[in-house]
Amino acid sequence: MSIQTTKRAKLIARLHEIKALEFGDFTLKSGMKSPFYLDLRKVVSYPDLLKSICEELYELSEDIAYDHLCGVPYAALGFAAGMAVMYEKPMLLKRKERKSYGTKKMIEGVYAPGDICLVVEDTLTSGMSLIETNTQLRKSGLVVEHALVIIDREQGGREVLEGDDCSLHALFTITEAMDSLFQQGLVTAEMREDVLNFVRANKVVANTADTEALKAKPNLRLSYGERIALCQNPVSKRLLRIAESKQSNLIASADVATLDELLKLADEVGPHICALKTHVDILDRFTPADGQRLRSLADKHDFLLFEDRKFGDIGNTLRLQVRGGQLGIDKWADFVTTHVVGGAASVEALNEAAPNLGLVLIAQMSTKDTLTDENYTTAAMKIATNYPKVVMGVVAQKRRLDDPASLQFTPGVNLDVKGDGKGQVYNTPSIAFNEKGADFIIVGRGIYKADSPLAAAIKYKEEGWLAYSSTLSVLA
Ligand code: S5P
């Protein structure tokens, strides 16, 4: 056994000894029964152990360049502070709640925009608290690309973090911890099996090992979190991550006439949406600099920018349109719509011109007498699945593709009216999810024309989440 292995084995044994890792019959906060319980908060009472863990975490981070450390509150504060003192690394503190007086700062400490922050967490389950910390740090202008955790429970958090562009570095996976305890005679083979079976059966999100199994069960409606691992497009991963953490599948379509109205609406409904859909060519004025103002709001409230440009031309023109012109779409948008009337070549041309933009294909329109018939829609959906790295999914009214890696965006959603007298056909969020196979609903006038766009956004968010939740299958 190498020195390295011995050190790690001792560490896990000591965690077991102080009952930071316990086995038995436990009832979790959720009411669920668990054969083990992990509480690394206890470690602060054992300076020797705290020091060893900090040493190990530091070793794990040796190849990562960073300016600051930040622990996810509260459990990881001791570890981040320990590393900061031992290795003279500046630390930042993230507040759990915003101060109600004074500066209202969420991040305490001295830093500059663009500084790199390494995040530290004790245990990783769903990854949601780490993501919340990453989001706050990024909103404050810091760059977050890596996270250190002590124990990864292997319940899917790694994939959730991937969707947040954050690489995970874990001291132990729960499998490694259980193997080591078993080899040291500290747990029985049966106990090890019980724990590993429990984590496998209780995935918060799917991990990569489940990918094939999930693909083999195409009729299951998977959660947004589970689908993060299946999607190859990085913008899809981000969108799914936001949907899961904000519990919102609502895309607000901000078809307002002026830039000022657009910015006001984005700030108002921002906390409740996963993306803001724009038609910036209908605004009274717009330059790429205004795109950056939208970008700041998107970062502030954690939503993506979806420019509904509906491209539809030959490759050369597409390249000029997406990169040039007065709108500079590729400088600020996260994803865009495109018609595929020009065939797969349009997808390739757009991707070549703007490789970071996610593409959503218009496979089927919501209008009464649309020309997107069965054949067209099927062909468009085929193109979507043929380019999984580039295409996020389709705008459609009916799911014909059972590929959980492909997202369906469904417009034509309104709770109050059935149509607009100009061809638009409306359905409720419930019909969109239950009958039309939507993954995300797009709501325009239902929100921006409402007396209170904020109240309307909350209503559509809640209805959308309820409808989505009722269609979920449990991952077996
Ligand atoms: O088939 C479609 C495709 C799109 S992207 N039907 C649509 O209505 N849309 C867009 O969704 C449309 O351009 C508008 O921006 C939004 C619907 O707005 P609403 O006011 O009718 O909810």
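Definitions and cut-offs
- Residues numbered from 1 in each chain as written.
- Predicted model: local features only at pLDDT ≥ 70, side-chain atom pairs only at ≥ 80, totals over all residues.
- Heavy atoms only, no water.
- Buried < 20%, exposed > 50% of the residue type's maximum accessible area, 1.4 Å probe, protein only.
- Helix = DSSP H or I, 4+ residues; strand = E, 2+ residues; numbered from the N terminus.
- Right-handed = clockwise from strand over helix to strand, strands pointing away.
- Pairing = 2+ DSSP bridges.
- Polar contact = N/O pair within 3.5 Å; in protein donor to acceptor, adjacent residues only side chain to side chain.
- Contact = heavy atoms within 4.5 Å.
- Domains from an automatic or database assignment.
- Salt bridge = Lys/Arg side-chain N within 4 Å of Asp/Glu carboxyl O.
- Near = heavy atom within 4 Å.
- Nonpolar A, V, L, I, M, F, W, Y, C, P; charged D, E, K, R; others polar.
- Axes fitted to C-alpha atoms, helices over the stretch in contact; angles between N-to-C directions.
- Parallel < 35°, antiparallel > 145°, perpendicular 65-115°, else oblique.
- Disulfide = S-S within 2.5 Å.
- Phe/Tyr/Trp six-rings, centres within 6.5 Å; stacked < 30°, edge-to-face > 60°.

### Quick look at the pairing of strand β7 (residues 146–152)
- Among the seven residues in β7, six count as buried, and that is most of the element.
- What joins strand β6 (residues 117–124) to β7 is helix α4 (residues 128–139), and the crossover it makes is right-handed.
- Alignment of β7 against strand β8 (residues 167–173), held across six bridges, turns out to be parallel. Along β8, the bridge assignment pairs A147 with L168.
- Each parallel crossover has a hand, and for β7 linked through helix α5 (residues 157–162) to β8 it is right-handed.

### With respect to the side chain of T338
- Note on placement: T338 falls in strand β12 (residues 335–339).
- In this structure T338 comes out as buried when scored by relative accessible area, which is 1%.
- Side-chain polar atoms of T338 contact the backbone oxygen of F311, separated by 3.3 Å.
- The contact partners of T338, leaving out residues within four places of it in the chain, are K310, F311, L350, V360, L361 and I362.

### Structural notes on the domain arrangement of the protein chain
- For the protein chain, the assigned domains read domain 1 (3–204) and domain 2 (217–475).
- The straight-line distance from the C-alpha centre of domain 1 to that of domain 2 is 34 Å.
- At the junction of the two partners, domain 1 supplies 11 residues and domain 2 supplies 12 residues.
- At the junction of domain 1 with domain 2, the criterion picks out one salt bridge.
- A salt bridge links K237 to E162; its shortest N-O distance comes to 3.5 Å.

### Some remarks on the site of the ligand
- Taken together, 17 residues form the shell around the ligand, and within it D255, K277, S366, Y426 and R445 come nearest.
- G444 places a main-chain nitrogen or oxygen 2.9 Å from an oxygen atom of the ligand.
- Note that an oxygen atom of the ligand is positioned 2.7 Å from one of the backbone N or O atoms of R445.
- Of all the secondary-structure elements, those providing two or more residues to the shell around the ligand are β11 (304–311) and β16 (440–443).
- Looking at the shell around the ligand, its residues break down into six nonpolar, six polar and five charged.

### A closer look at the sheet that holds β11
- Read once around its circumference, the closed barrel built from eight strands follows the order β9-β10-β11-β12-β13-β14-β15-β16, with strand pairing classed as parallel. Between one strand axis and the next, the sheet turns through 25° on average, direction left out of account.
- By the bridge criterion, four bridges tie strand β10 (residues 275–278) to β11 in an arrangement that is parallel. Bridge pairing links K277 to F306 in β11.

### A few points about the environment of L186
- Mapping L186 onto the fold places it in the loop between α6 (174–183) and α7 (189–201).
- Taking the relative accessible area as the measure of exposure, L186 reaches 35% and is therefore partly exposed.
- It is 8.4 Å that separates the C-alpha atoms of L186 and H16, two residues lying 170 residues apart in sequence.
- Contact partners of L186, with chain neighbours within four places excluded, come to A13, H16 and L181.

### Quick look at the packing of α6 against α7
- Here α6 crosses α7 at 175°, and the two axes come no closer than 9 Å. The angle between α6 and α7 places the two elements in the roughly antiparallel class. Here I174, T175, M178, D179 and F182 of α6 lie close against α7, whose contacting residues are A189, M191, R192, V195, L196 and V199.

### Here we look at the state of the cysteines
- All told, the structure shown has zero disulfides when counted by the stated rule.
- A disulfide-free cysteine, C54 has its sulfur positioned 14 Å from the sulfur of C70, the nearest such atom.
- Not engaged in a disulfide, the cysteine C70 finds its nearest cysteine sulfur in C117; these two sulfurs lie 4.9 Å apart.

### Remarks on the pairing of strand β13 (residues 358–362)
- The buried count for β13 comes to five of five residues, which makes it a mostly enclosed element.
- The side-chain alternation of β13 yields two buried faces, one formed by G358, V360 and I362 and the other by L359 and L361.
- Note on the crossover from β12 through helix α15 (residues 344–353) to β13: the handedness is right-handed.
- Strand direction decides the pairing type here: β13 and strand β14 (residues 391–395), joined by four bridges, are parallel. The residue of β14 that forms the bridge with I362 is V395.

### Focus on the packing of helix α11 (residues 259–269) against helix α12 (residues 288–301)
- At their nearest, the axes of α11 and α12 sit 9 Å apart, and the two run at 10° to each other. Taken together, the axes of α11 and α12 lie roughly parallel to each other. Here L259, L262, L263, A266 and D267 of α11 come into contact with α12, specifically with D290, R293, L294, L297, K300 and H301.
- Each residue belonging to the contact of α11 with α12 can be placed in one class, and the counts come to six nonpolar, one polar and four charged.

### With respect to the packing of aromatic side chains
- Following the criterion strictly, the structure yields 12 aromatic pairs and no others.
- Ring centres of F306 and F409 lie 5.7 Å apart, and the angle between their planes is 50°; on these two criteria the pair is classed as tilted. Note that F306 is positioned in strand β11 and F409 in strand β15 (residues 407–410), a separation of 103 residues in sequence.
- The class of F306 is buried, set by a relative accessible area of 0%.
- Summarising the aromatic geometry, the rings of F409 and F440 are spaced 5.4 Å apart at their centres and angled 20° between planes, so their arrangement reads as stacked. Taken together, the residues F409 in strand β15 and F440 in strand β16 connect sequence positions 31 residues apart.
- Using a relative accessible area of 0% as the deciding quantity, one classes F409 as buried.
- Overall, F440 belongs to the buried group, its relative accessible area being 0%.
- Joined through ring pairs, the aromatic side chains of Y224, F306, F335, F409, F440, W465 and Y468 make up one cluster.

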